[in-house]
Amino acid sequence: MQVNGAVAEGFEPVGEAFAANFRTLGERGAALAVYRDGHRVVDLWGGTRDVDGSLPWERGTAQIVRSATKGVVSAALLLLHQRGELDLDAPVRTYWPEYKAAGKEHTRVRDLLAHRAGVPVLDRPLTPAEAADPDLAAAAVAAQAPVWEPGTAHGYHAQTFSWLTGELVRRVTGRSASAWIAEHLVGPAAADFWLGLPAAEAHRVGRVGRLQAPEPAGALRVRPKRAVADAYADPGSLTRRAFAAITPLPDENDPAYRAAVLPASNGIATADGLARVYAALIGEVDGGTRLFTPDTVELARGERSAGPDRVLVVPTRFGLGPMLHGTASPLLSPGSFGHPGRGGALGFADPESGIAFGYVTNGFRSSVTADPRAQALVRAVRTALAG
């Protein structure tokens, strides 16, 4: 299997780790991009563009990045705050009056971003077609009663984050999250990232699917903790219900699903595009415009939720939208902010080192927040920086 691309001097451990993922971790097709201080220092790709095919992954091949999308829509809402258009301390009903129903009248915008809104589930799950209808989906989440008092605890809003954030962008700007992000975030970053895939770009996107993790010779099988396993096995748990807010699970290779605007789950990006978004948040990229002020960077990575997650069960940490470095999702350092995609993709920024990281794959594993392939690459970046 040939690895294509290049790494800058000093980042050779990253190239070695990327190639090792194919040899030892069963990688089928993937790409990695790393920027430092706005300049690309790692640009690698290899394998096949389709998880079940034989055509080679090419420069510019894109994949669905699942919940790594959450980091991008969160950045959009923080940009709206930075521009003075969105008050993080305001009740959500200020912008979205219907949201005050069923005991949610005091939910603040910051509660919604920090997974403290208390609506990770829907009493009646939506079908994939319903989930893609912004009016119907927004009405469903606005009518939902919270399962805990908003602001008092946190739990991962796996699917409902789509309609919470997407509708908030629409109410504040009058435009879809897709259109606003394309103009004000992705465009200035010159990044290959789409929320709602245009038909003209469909030829660049590979097919994704499940991959079984290889069993290393002589290794003990690592099993999840009993509480975590029980939560995923119980159809009545918040864990299962949160991920099942769209039922049945959508076909992620379906053109209709890819064209929908679901800010929690169906962004599509190249590795370079995901990394460029984060690089542009924390600095100038190839002489372009920096998107976040230092104050907004601190808002993104300041801890707003921490400890046992009522949905994921394990301890998690969130800023105002981004997931933060922690045991559930190790990033480069305690100051990093970003978001993983379930079973694969990862994008983040680390302001202290100037690193921005984007990894995409066509093979999804059972991991939720810390895929072994992505973690091997993060460790290699850490090694390279240590010199």
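As the structure is a prediction and not an experimental result, all values here were calculated from the model.

Draft legend 1. Here's a closer look at the overall build of the protein chain. Along the protein chain, the regular secondary structure elements total 13 helices and 14 strands. On the principal axes, the C-alpha backbone points of the protein chain span a range of 55 × 45 × 40 Å. Look at the contacts in the protein chain between residues 6 or more apart in sequence, and 68% of them connect residues 24 or more apart. For the protein chain, the computed accessible surface area is about 15,100 Å², with 52% contributed by carbon and sulfur atoms. The centroid of the 40 positive side-chain charges in the protein chain is displaced by 5 Å from the centroid of its 40 negative side-chain charges.

Draft legend 2. Main features of the pairing of strand E12 (residues 346-350). Of all five residues that make up E12, five are buried, and the element is covered over most of its length. Of the two faces of E12, the one holding Leu346, Phe348 and Asp350 and the one holding Gly347 and Ala349 are both buried throughout. Bridge count for strand E11 (residues 337-340) against E12 is four bridges, and the pairing is antiparallel. Residue pairing across strands places proline 340 opposite leucine 346, the latter belonging to E12. Linkage of E11 to E12, two consecutive antiparallel strands, is achieved through a turn of five residues, within which glycine 343 is found at a positive phi near 80°. With five bridges joining them, E12 and strand E13 (residues 355-361) adopt antiparallel strand pairing. Following the sheet pairing, aspartate 350 is matched in E13 by isoleucine 355. Here E12 folds back onto E13 in antiparallel fashion, the turn holding four residues, of which glycine 354 has a positive phi close to 75°.

Draft legend 3. Fine view of the side chain of arginine 276. Mapping arginine 276 onto the fold places it in helix H11 (residues 271-282). At a separation of 3.1 Å, a polar atom in the side chain of arginine 276 contacts the side chain of aspartate 286. Sequence-distant contacts of arginine 276, that is, excluding residues within four places in its chain, are made with Tyr35, Ala189, Ala190, Ala191, Val285 and Asp286.

Draft legend 4. Quick look at the environment of glycine 354. On the secondary structure map, glycine 354 appears in the loop between E12 and E13. Assessed through its relative accessible area of 10%, glycine 354 is described here as buried.

Draft legend 5. Spotlight on the packing of aromatic side chains. All told, the structure shown has seven aromatic pairs when counted by the stated rule. Where tyrosine 156 meets phenylalanine 318, the ring centres are 6.2 Å apart and the plane angle is 15°; that geometry is what we call stacked. Placement of tyrosine 156 in the loop between helix H5 (134-143) and helix H6 (161-173) and of phenylalanine 318 in strand E9 (residues 315-318) is noted, with a sequence separation of 162 residues between them. Across the pair, exposure class does not vary: tyrosine 156 and phenylalanine 318 are buried alike. By the ring-pair criterion, three or more aromatic residues cluster together here, those being Tyr156, Tyr232, Phe243 and Phe318. Lying over the aromatic face of phenylalanine 364, arginine 66 brings its terminal NZ or CZ to 3.8 Å of the ring centre. In this arrangement the basic side chain of arginine 342 is found over the ring face of phenylalanine 243, its NZ or CZ atom lying 4.2 Å from the centre.

Draft legend 6. Local environment of the pattern of salt bridges. Per the counting criterion, the structure on display carries 24 salt bridges. Across the salt bridge formed by glutamate 252 and arginine 66, the nearest N and O atoms sit 2.8 Å from each other. One end of the pair, glutamate 252, is in the loop between helix H9 (238-243) and helix H10 (255-259); the other, arginine 66, is in the loop between strand E4 (63-64) and helix H2 (68-82), and 186 residues separate them in sequence. For glutamate 252, a relative accessible area of 15% gives the class buried. The partner of glutamate 130 in a salt bridge is arginine 124, with the nearest N and O atoms 3.3 Å apart. Look at the salt bridges and you will find they share partners, linking Glu98, Asp135, Glu167, Arg170 and Arg171 into a network.

Draft legend 7. The arrangement of the environment of glycine 319 in detail. With respect to the secondary-structure elements, glycine 319 resides in the loop between E9 and strand E10 (323-324). Accessibility expressed as a relative area gives 0% for glycine 319, which makes it buried. In sequence terms glycine 319 and alanine 306 are 13 residues apart; their C-alpha atoms lie 9.1 Å from each other.

Draft legend 8. Quick look at the nonpolar core. Among the nonpolar cores identified, the biggest contains 86 residues, and Trp163, Ile181, Leu185, Phe292 and Phe337 are the most heavily contacted of them. For tryptophan 163, the contacting residues outside a window of four places in its chain are Trp96, Leu122, Leu126, Ala131, Ala137, Val141, Ala245, Ile246 and Leu262. In this structure, Ala17, Phe18, Leu332 and Val381 belong to the second largest nonpolar core, which totals 24 residues.

Draft legend 9. Broad picture of unusual backbone geometry. Residue threonine 247 is joined to proline 248 through a cis peptide bond whose omega torsion reads 0°. Residue placement: proline 248 occurs in the loop between H9 and H10. Located in the positive-phi region is aspartate 37, a residue other than glycine, with phi close to 50°. Unusually for a residue other than glycine, alanine 190 sits at a positive phi of about 50°.

Draft legend 10. Broad picture of the sheet that holds strand E5 (residues 193-194). Strand order in the open sheet formed by three strands is E4-E7-E5, with antiparallel pairing between adjacent strands. If you trace the sheet from one side to the other, it starts and ends with E4 and E5, each paired once. Here E5 runs beside strand E7 (residues 268-269); their pairing, made up of two bridges, is antiparallel. Note that in E7 the partner of phenylalanine 193 across the bridge is alanine 269.

Draft legend 11. Spatial organisation of the packing of H2 against H11. Where H2 meets H11, the axes come as close as 11 Å, and the angle between the chain directions of the two elements is 35°. Helix-helix and strand crossings are classified by hand; for H2 and H11 the assignment is left-handed. When H2 is examined against H11, the residues Ala68, Gly71, Val72 and Ala75 are found in contact with a partner set consisting of Leu274, Val277, Tyr278 and Leu281. Across the contact of H2 with H11, the residue classes break down as seven nonpolar, one polar and no charged.

Definitions and limits used
Residues numbered from 1 in each chain as written. Predicted model: local features only at pLDDT ≥ 70, side-chain atom pairs only at ≥ 80, totals over all residues. Heavy atoms only, no water. Helix = DSSP H or I, 4+ residues; strand = E, 2+ residues; numbered from the N terminus. Contact = heavy atoms within 4.5 Å. Areas by Shrake-Rupley, 256 points an atom, 1.4 Å probe, with all protein chains shown as cover. Lys, Arg positive; Asp, Glu negative; His and termini not counted. Charge placed at Lys NZ, Arg CZ, Asp CG, Glu CD. Buried < 20%, exposed > 50% of the residue type's maximum accessible area, 1.4 Å probe, protein only. Pairing = 2+ DSSP bridges. Polar contact = N/O pair within 3.5 Å; in protein donor to acceptor, adjacent residues only side chain to side chain. Phe/Tyr/Trp six-rings, centres within 6.5 Å; stacked < 30°, edge-to-face > 60°. Lys NZ or Arg CZ within 6 Å of the ring centre and 35° of its normal. Salt bridge = Lys/Arg side-chain N within 4 Å of Asp/Glu carboxyl O. Core = buried A, V, L, I, M, F, W, Y, C linked by side-chain atoms within 4.5 Å. Axes fitted to C-alpha atoms, helices over the stretch in contact; angles between N-to-C directions. Left-handed = near helix turned anticlockwise from the far one by under 90°. Nonpolar A, V, L, I, M, F, W, Y, C, P; charged D, E, K, R; others polar.

Note that every value here comes from positions in space, so none of it alone points to a role or purpose.
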